[in-house]
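One-letter residues, chain by chain:
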Amino acid sequence: MSNIVSEIIGEIKARDPNQPEFHQAVEEVVTSLEPVLKKRPEYVKAKMLQRIAEPERLMMFRVPWVDDQGQVQVNRGFRIEMNSAIGPYKGGLRFHPSVNLSILKFLAYEQVFKNSLTTLPMGGGKGGSDFDPKGKSDNEVMRFCQAFMSELFRHIGPDTDVPAGDIGVGGREIGFLFGQYKKLRNEFTGVLTGKGLNWGGSLIRPEATGYGAVYFAAEMLATRGETLKGKTCLVSGSGNVAQYTVEKLNEMGAKSVTLSDSSGYIYDPAGISPEKLAFVMDLKNVRRGRMQEYASKFKGATYTAVNPKLDHNPLWAHKAQCAFPSATQNEVNGIDAQNLIKGGVYVVSEGANMPTTPEGISVYLENKILYGLGKAANAGGVATSGLEMAQNSMRYSWTREEVDNRLKMIMKSIHKACVEAAAAYGHPGNYVIGANIAGFLKVADSMMDQGVV
Ligand code: NDP
Ligand code: 2IT
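Residues numbered from 1 in each chain as written. Chains lettered and ligands numbered in written order. Predicted model: local features only at pLDDT ≥ 70, side-chain atom pairs only at ≥ 80, totals over all residues. Heavy atoms only, no water.

A. Structural detail: the site of ligand 1. If you check the shell around ligand 1, you find 26 residues, and the closest are Asp166, Thr209, Ser262, Arg290 and Asn353. For ligand 1, an oxygen atom lies 2.7 Å from a polar atom in the side chain of aspartate 166. A distance of 2.4 Å separates an oxygen atom of ligand 1 from a polar atom in the side chain of serine 262. A total of 900 Å² of accessible area belongs to ligand 1 in isolation, and the protein chains cover 83% of it. The set of elements that each furnish at least two residues to the shell around ligand 1 consists of helix 9 (205-222), helix 10 (240-251) and strand 8 (258-261). (Near = heavy atom within 4 Å. Polar contact = N/O pair within 3.5 Å; in protein donor to acceptor, adjacent residues only side chain to side chain. Areas by Shrake-Rupley, 256 points an atom, 1.4 Å probe, with all protein chains shown as cover. Helix = DSSP H or I, 4+ residues; strand = E, 2+ residues; numbered from the N terminus.)

B. Spatial organisation of the sheet that holds strand 5 (residues 161-164). Strands sit in the order 1-2-4-3-5 across an open sheet of five strands; the sheet is mixed. Across the chains shown, the open sheet's two edge strands, defined by having one partner strand only, are strand 1 (57-66) and strand 5. With strand direction ignored, the average angle separating the axes of adjacent strands in the sheet is 20°. As paired strands, strand 1 and strand 2 (residues 72-83) are joined by ten bridges and run antiparallel to one another. By the bridge assignment, proline 64 is partnered in strand 2 with valine 74. On the sheet, helix 7 (residues 138-152) packs against strand 1, strand 2, strand 3 (89-95), strand 4 (124-129) and strand 5 and is oriented at approximately 140° with respect to strand 1. (Pairing = 2+ DSSP bridges. Axes fitted to C-alpha atoms, helices over the stretch in contact; angles between N-to-C directions. Contact = heavy atoms within 4.5 Å.)

C. Region of the structure containing unusual backbone geometry. At asparagine 330, a position not held by glycine, the phi torsion is positive, near 55°. Within the fold, asparagine 330 resides in the loop between strand 11 (322-324) and helix 13 (334-342). For asparagine 330, a relative accessible area of 30% translates into the label partly exposed. Notably, lysine 368 is not glycine yet its phi reads approximately 55°, a positive angle. (Buried < 20%, exposed > 50% of the residue type's maximum accessible area, 1.4 Å probe, protein only.)

D. Just the state of the cysteines, in detail. For the structure shown, the criterion picks out zero disulfides. Sulfur of cysteine 233: no disulfide; nearest cysteine sulfur belongs to cysteine 322 and is 4.2 Å away. Relative accessible area serves as the criterion here: at 0%, cysteine 233 is assigned to the buried category. Of the cysteine sulfurs around cysteine 418, a residue in no disulfide, the closest is that of cysteine 322, at 18 Å. (Disulfide = S-S within 2.5 Å.)

E. Expanded view of the site of ligand 2. Lys90, Lys114, Asp166, Arg205 and Ser385 are the nearest of the 14 residues found near ligand 2. At 2.7 Å, a side-chain N or O of lysine 114 approaches an oxygen atom of ligand 2. Within the contact set of ligand 2, an oxygen atom lies 3.0 Å away from a side-chain nitrogen or oxygen of lysine 126. Out of a free accessible area of 290 Å², ligand 2 has 94% covered by protein chains. Looking at the shell around ligand 2, the elements that each hand over two or more residues are strand 3, helix 6 (101-117) and helix 16 (379-394). Residues of the shell around ligand 2, tallied by class, amount to two nonpolar, seven polar and five charged. (Nonpolar A, V, L, I, M, F, W, Y, C, P; charged D, E, K, R; others polar.)

F. Inspection of the pattern of salt bridges at higher detail. Throughout the structure, instances matching the rule amount to 28 salt bridges. Between glutamate 81 and arginine 57 there is a salt bridge whose closest N-O contact spans 2.6 Å. Of the two residues, glutamate 81 sits in strand 2 while arginine 57 sits in strand 1, which places them 24 residues apart along the sequence. A relative accessible area of 43% means that arginine 57 is categorised as partly exposed. Here the salt bridges share partners, and the residues they tie into one network are Glu28, Glu110 and Lys375. (Salt bridge = Lys/Arg side-chain N within 4 Å of Asp/Glu carboxyl O.)

G. Quick look at the pairing of strand 2. Hairpin geometry of strand 1 and strand 2 is characterised by an intervening segment of five residues between the two adjacent antiparallel strands and by a positive phi of about 85° at glycine 70. Pairing between strand 2 and strand 4: six bridges, direction antiparallel. Bridge pairing links phenylalanine 78 to glycine 128 in strand 4.

H. Up close: the environment of glutamate 350. Topologically, glutamate 350 is positioned in the loop between strand 12 (347-349) and helix 14 (358-366). Here the alpha-carbon distance between glutamate 350 and proline 64, two residues 286 residues apart in the chain, equals 35 Å. Dropping the residues within four chain positions of it, glutamate 350 is found in contact with Pro325, Pro355, Thr356, Tyr364, Tyr371, Gly372, Leu373, Gly374, Ala377 and Asn378. A distance of 2.9 Å separates the side chain of glutamate 350 from the side chain of tyrosine 371, its partner in a polar contact.

I. Looking closely at the packing of helix 10 against helix 11 (residues 274-286). Running from N to C, helix 10 and helix 11 cross one another at 170°; their axes reach a closest spacing of 10 Å. What the angle tells us is that helix 10 and helix 11 run roughly antiparallel. Counted together, Gln243, Tyr244, Val246, Glu247 and Asn250 of helix 10 and Pro274, Leu277, Val280, Met281, Lys284 and Asn285 of helix 11 form the full contact between these two elements. (Parallel < 35°, antiparallel > 145°, perpendicular 65-115°, else oblique.)

Right, here's the structure in full:
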């Protein structure tokens, strides 16, 4: 690592010493940019990397609400407006008890580069709350969302900041959030994406992240003259991203054999067919149950509970050719990555944000597998949010085919941008370096154009 790169990383870490996830995301990007900083010293002089790592604005607020027992509950709400160089702040909201500033800053930071890669005019942001939707009634979720929006509404708007879903925030939550925004502002605008189809949502937005991660894997395989047909795939998570990953893999003639939640994972060697996937969708989205039920329902499938004493996740040790980590950050560590390679995996396309630890990424790169990092591979979700914004601005909606074709084109162009940037800066085939450089250049050049603001 060059002096300048380690100085920049050191400076950013020292400023917020207790933000490990944020440091991890920054370190990956800044290290990848080393060849750019050599060629373009003007970015160093302009303190571009320090500026990009500092949120333009950060809101943190009290969210008080009353539960079904009449008890007052207090949660913490956040919105991080990270970068608006190329468009309004854009990024999801996460509701999960683990949410804190480090996690949201890493997500907002990643979002800046991801959104730049999509080719659409979107800046980066992220937000959420430490509220845990698990075990809450629909009414409690509604009251929480209303309380959250009662503060958030003053900071967002269709030309300012456009939130969407992430972990714990899906169609139900976006509905409640939109309802409260509309009531407070007396405006019907595209202020959120992932809306219901009857009230401004885009076809394919729910499917887009998972579909996009599969399209990205197909693009990577095409560089070796291969397709997904007949491939066995490991998928983690069982939420929005995981479900539509499995759906698209089935359509492409591949076989998914695993899914998980935070309690454990299922392994189904026969494959998660469309019928079994329909069961998962009902289980997770309607009944809000646990994946363990899958193994009692389908013969031949096994369930393995999380064992906190293990230093690895056995999900990643099954034999397969492709892996789609689609649950959460740092769910694949160095040992898991070794196990993936031993089990025959040579394609990793990340549906989740930063699911692989730096040790795991080193294993992928040493073994020269096709590794599509989250900010490239899962960009289909936010890209389709961008398409939803475009449709809302036109007060018009495109067909399913039209949106899906645009999504495919966008994933192809992200893949091409990664491949070209990696080659131009001397690291052919390295999607980490390619994605970080391509995402960075557009934002950094826009910031140069706009002066020190
Ligand atoms: P969902 O809330 O729909 O599903 C999340 C899934 O991940 C659930 O199966 C959940 O299990 C599991 N999970 C969550 N947290 C943990 C944890 N700490 N440990 C183990 N498992 C966990 O979220 P999404 O599918 O929308 O998001 C999944 C990932 O994809 C996240 O990293 C998100 O940032 C990323 N992403 C999402 C996009 C989108 O459009 N939704 C776009 C781009 C990226 P359980 O039910 O037990 O909590
Ligand atoms: O991480 C992500 O890209 C998302 N959660 C989707 C963001 C969005 O605005 O659609």
